Amino acid sequence: VNTIIMGMYLHDEKHFTSREELTIHVAGANTTFELEGGSPTCVWEEIMHVLPRVKRMNVFLVGPETGVSHPLTQVQACPDCVTKGRVRLQCCQQTTYHEFRASEHFVTPDFIAAFNTGMFEECTESWKESLNVMLELNAPCIFTSYNLLEAQADEKVLEQVGAKLIRDAELNPFRAQIPKVDY
């Protein structure tokens, strides 16, 4: 979530801090990470806490590995947000991003995030189709990778599809500090 907020601020802080409604897409979402086992986690609500003008936030978790599909549904907000009339909605779609774009559930995003995609080594052609959709949407995006070498390799894929990069690959200040074995 901090990575998304950082990306919004890097792109256009005034645009995002003045929004009353915010739609975020997470491309390549995965049950293990973004959904913490499939539940609608409250961690996404932190974005509303950092952007207090947001009254409605729509989060779309899209990817073949989400494990579930359900339409945009209101999820429980914290007591402070409820008191302030703020709502958070979440949608999961078990499909690729480019297939999601053609679906009835698609809502134009204000921001797109894709975490640890491995697009340079897995499903590269499918990712290129999804990246082209993102370029057509002209929405700001942020991409993360497992490490700097993978980020640089992903960066080459982004350049191949003509993405405009505003920052070179670098270490994410919000990366996990706990080593994890990646099988």
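Preceding this section is the structure that the text describes.
Residues numbered from 1 in each chain as written. Predicted model: local features only at pLDDT ≥ 70, side-chain atom pairs only at ≥ 80, totals over all residues. Heavy atoms only, no water.

Enquirer: Looking at this model, I keep getting lost on the overall build of the protein chain. Mind explaining?
Expert: Scanning the protein chain for helices and strands turns up six helices and six strands. For the protein chain, the α and β elements follow one another from N to C terminus as α-β-α-β-β-α-β-α-β-α-β-α. Every one of the 183 residues in the protein chain was classed for burial, and the buried ones make up 43%. A separation threshold of at least 6 residues defines the contact pool for the protein chain, and within that pool the share at least 24 residues apart is 75%. Here the protein chain has roughly 10,200 Å² of accessible surface; of this, 51% comes from carbon and sulfur atoms. (Helix = DSSP H or I, 4+ residues; strand = E, 2+ residues; numbered from the N terminus. Buried < 20%, exposed > 50% of the residue type's maximum accessible area, 1.4 Å probe, protein only. Contact = heavy atoms within 4.5 Å. Areas by Shrake-Rupley, 256 points an atom, 1.4 Å probe, with all protein chains shown as cover.)

Enquirer: What exactly am I supposed to notice about the nonpolar core here?
Expert: In globular proteins that are soluble, nonpolar side chains generally tend to be buried together. Counting 24 residues, the largest nonpolar core has Ile4, Met8, Leu22, Ile24, Trp44, Ile47 and Met57 as its most contacted members. Secondary structure elements with two or more residues in this core: α1 (2–17), β1 (21–27), α2 (46–50), β2 (56–62) and β5 (111–114). Sorting elements by how many residues they give to this core places α1 first, with four residues. Once you skip the residues sitting within four places of it in the chain, methionine 57 turns out to touch Leu22, Ile24, Trp44, Glu45, Ile47, Met48, Val87, Arg88 and Leu89. Membership of the second largest hydrophobic core comes to 19 residues, among which are Trp127, Val133, Val157 and Val161. (Core = buried A, V, L, I, M, F, W, Y, C linked by side-chain atoms within 4.5 Å.)

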